[in-house]
Amino acid sequence: MKHILIPTDFSENAWAATKYILNLFTNETCTFHLLHSAPVTSSRISSFSNKLSRVMQENALKDLKHLQERIEKTHPNPKHSFKSSTSTHDIEQAVSIAVENHQIDLVVMGTKGATGAKEIFLGSNTVEIISKLSKCPVLAIPNDLKYTTPKNIGFSSGLKRLYNSSELNEIKDLANLHKSNIHVLHIQTAPNLNESQKENLEALKGHLKDMDHAYVEIPQYTNKTDEIINFIKNEEVDILTMIKYKHGFFEKLFREPVIANLGHQLTIPFMVIPATA
């Protein structure tokens, strides 16, 4: 049984993410946790009575019920069950609490994509949740994405660390959903792999030995955005994955202006997996 958290603001953007994940896990037994966050600030507490606050929560629960009814009507599946909850915390804290309380295996977020502000990669809420969440993966779904069965899963790696099995199992499990191929991308920042990187690559190949996989090395890149986009196009990648380390490649990406450009061109789901060490 897999537990998947779907934060929603009842927008079409959130609905697009919901439809995608229902299709992705169509053959898996899952409990989907629908979460709506409506933060109550100190100013609102002083302005509204407790009764009115309860009414707001009740209305949110009604909207969640309607959402569940919409799901069950458009995507009927006996393998899927649903639970709903509301929170008065901000979305980042609400997600963190839900992950802990419900032993969530995956968080699914809709993104604004190219319709959002130009300086935003995935949408501010998604970025905050990816940056702060340390106990389960986050799958960001671009807006207006039509579901297609993922044939190829991309995995971007700097080969600077030995991956443990639990980190890679997230990617392998994702690939196993639809017997997808795994394409490992390494953007080389030096003329050749050093000895440590060579060892890490061999260990990675060992982890993936029972999977259909390929290794793509881009030597001495000139533009990260173009290289990643070209990799996605050339390898026909349907979902891009990355492991997030503290002070690692992922955090560096978000500090570089080039990633704003990637955010506008990235039209496939992006899974970020927190490192276990």
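In the annotation of an unreviewed UniProt entry, the protein chain is listed under the name Universal stress protein and assigned to Tenacibaculum polynesiense. Quoted verbatim from the Sequence similarities (unreviewed entry) heading of the UniProt record, the comment on the protein chain is "Belongs to the universal stress protein A family."

S.K.: Requested: an account of the overall build of the protein chain, with residues and values cited.
M.R.: In terms of helices and strands, the protein chain carries 10 helices and 10 strands. Counting only residues that meet the buried cut, the protein chain has 47% of its 277 residues in that class. A fraction of 85% describes how many contacts in the protein chain between residues 6 or more apart in sequence connect residues 24 or more apart. Counting only carbon and sulfur atoms, one obtains 48% of the accessible surface of the protein chain, whose full area is about 14100 Å².

S.K.: Mind laying out the sheet that holds strand β7 (residues 181-187), listing which residues take part and the relevant values?
M.R.: Strands belonging to one sheet form pairs held by backbone hydrogen bonds; the direction of such a pair is parallel or antiparallel. With respect to topology, 10 strands assemble into an open sheet ordered β3-β2-β1-β4-β5-β10-β9-β6-β7-β8, the strand pairing being mixed. Edge positions in the open sheet fall to β3 (80-87) and β8 (213-218), since each of these has one partner strand only. In this sheet, neighbouring strand axes are inclined to one another by 25 degrees on average, regardless of whether the strands run parallel or antiparallel. Relative to β7, strand β6 (residues 152-156) runs parallel, the two sharing five bridges. Bridging from a neighbouring strand, G154 pairs with H183 of β7.

S.K.: Would you mind going over the packing of aromatic side chains in detail, with residue names and values included?
M.R.: A complete count under the given rule lists three aromatic pairs for this structure. Relative to Y147, the ring of Y20 has its centre 5.1 Å away and its plane inclined at 65 degrees; by these criteria the two rings are edge-to-face. Linking Y20 in helix α1 (residues 12-24) with Y147 in the loop between β5 (138-141) and β6, this pair joins segments that are 127 residues apart in sequence. Against the face of W15 rests R70, its NZ or CZ located 3.9 Å from the ring centre.

S.K.: If you had to explain the nonpolar core to someone new, which residues and values would you point to?
M.R.: Counting residues in hydrophobic clusters, the biggest one holds 42 residues, and the most contacted among them are I4, I21, L24, F25, F32 and F155. Sorting elements by how many residues they give to this core places α1 first, with six residues. Ignoring sequence-local partners within four residues, the contact set of I4 consists of I21, F25, C30, T31, F32, H33, I104, L106 and V108. One finds L35, V107, L133 and I232 within the second-largest nonpolar core, a separate group that totals 29 residues.

S.K.: Outline the environment of H102, listing residues and values.
M.R.: With respect to the element layout, H102 can be found in helix α4 (residues 91-102). Taking the relative accessible area as the measure of exposure, H102 reaches 32% and is therefore partly exposed. Separated by 99 residues in the primary sequence, H102 and H3 place their C-alpha atoms 7.6 Å from one another. Sequence-distant contacts of H102, that is, excluding residues within four places in its chain, are made with H3 and H33.

S.K.: I'd like a description of the pattern of salt bridges, backed by residues and values.
M.R.: Counted by the stated rule, this structure contains four salt bridges. With a shortest N-O distance of 3.5 Å, E195 and K198 are connected by a salt bridge. Here E195 and its partner K198 are both found in helix α7 (residues 195-207), three residues apart, which amounts to about one turn of the helix. Taking relative accessible area as the criterion, E195 reaches 53% and is therefore assigned exposed.

S.K.: Got a sec to walk through the side chain of H178? Specific residues and values, please.
M.R.: Following the sequence through the fold, H178 ends up in the loop between α6 (165-177) and β7. Within polar-contact distance, the side chain of H178 engages the backbone oxygen of L24 at 2.8 Å. In this structure, H178 is in contact with N23, L24, Y147, T149 and P150, ignoring residues within four places of it in sequence.

S.K.: Describe α1, naming the residues involved and giving the relevant values.
M.R.: Taking 1.5 Å as the rise per residue, α1 with 13 residues should run 18 Å; its terminal C-alpha atoms sit 18 Å apart, in good agreement. With respect to burial, α1 is a largely interior element, 10 of its 13 residues being buried. If you check which residues of α1 are buried, you get N13, A14, W15, A16, A17, T18, Y20, I21, L22 and L24.

S.K.: A description of unusual backbone geometry should follow, citing residues and the corresponding values.
M.R.: Within the chain, F10 stands out as a residue other than glycine whose phi angle is a positive 70 degrees. Accessibility expressed as a relative area gives 31% for F10, which makes it partly exposed. Although it is not a glycine, E236 sits at a positive phi angle of roughly 50 degrees. Position of E236 relative to the elements: it lies in the loop between α8 (224-234) and β9 (239-244).

Quick notes on the rules
- Residues numbered from 1 in each chain as written.
- Predicted model: local features only at pLDDT ≥ 70, side-chain atom pairs only at ≥ 80, totals over all residues.
- Heavy atoms only, no water.
- UniProt positions renumbered as here; feature names shortened; annotations may be inferred.
- Helix = DSSP H or I, 4+ residues; strand = E, 2+ residues; numbered from the N terminus.
- Buried < 20%, exposed > 50% of the residue type's maximum accessible area, 1.4 Å probe, protein only.
- Contact = heavy atoms within 4.5 Å.
- Areas by Shrake-Rupley, 256 points an atom, 1.4 Å probe, with all protein chains shown as cover.
- Pairing = 2+ DSSP bridges.
- Axes fitted to C-alpha atoms, helices over the stretch in contact; angles between N-to-C directions.
- Phe/Tyr/Trp six-rings, centres within 6.5 Å; stacked < 30°, edge-to-face > 60°.
- Lys NZ or Arg CZ within 6 Å of the ring centre and 35° of its normal.
- Core = buried A, V, L, I, M, F, W, Y, C linked by side-chain atoms within 4.5 Å.
- Salt bridge = Lys/Arg side-chain N within 4 Å of Asp/Glu carboxyl O.
- Polar contact = N/O pair within 3.5 Å; in protein donor to acceptor, adjacent residues only side chain to side chain.
- Expected span 1.5 Å × (residues − 1).

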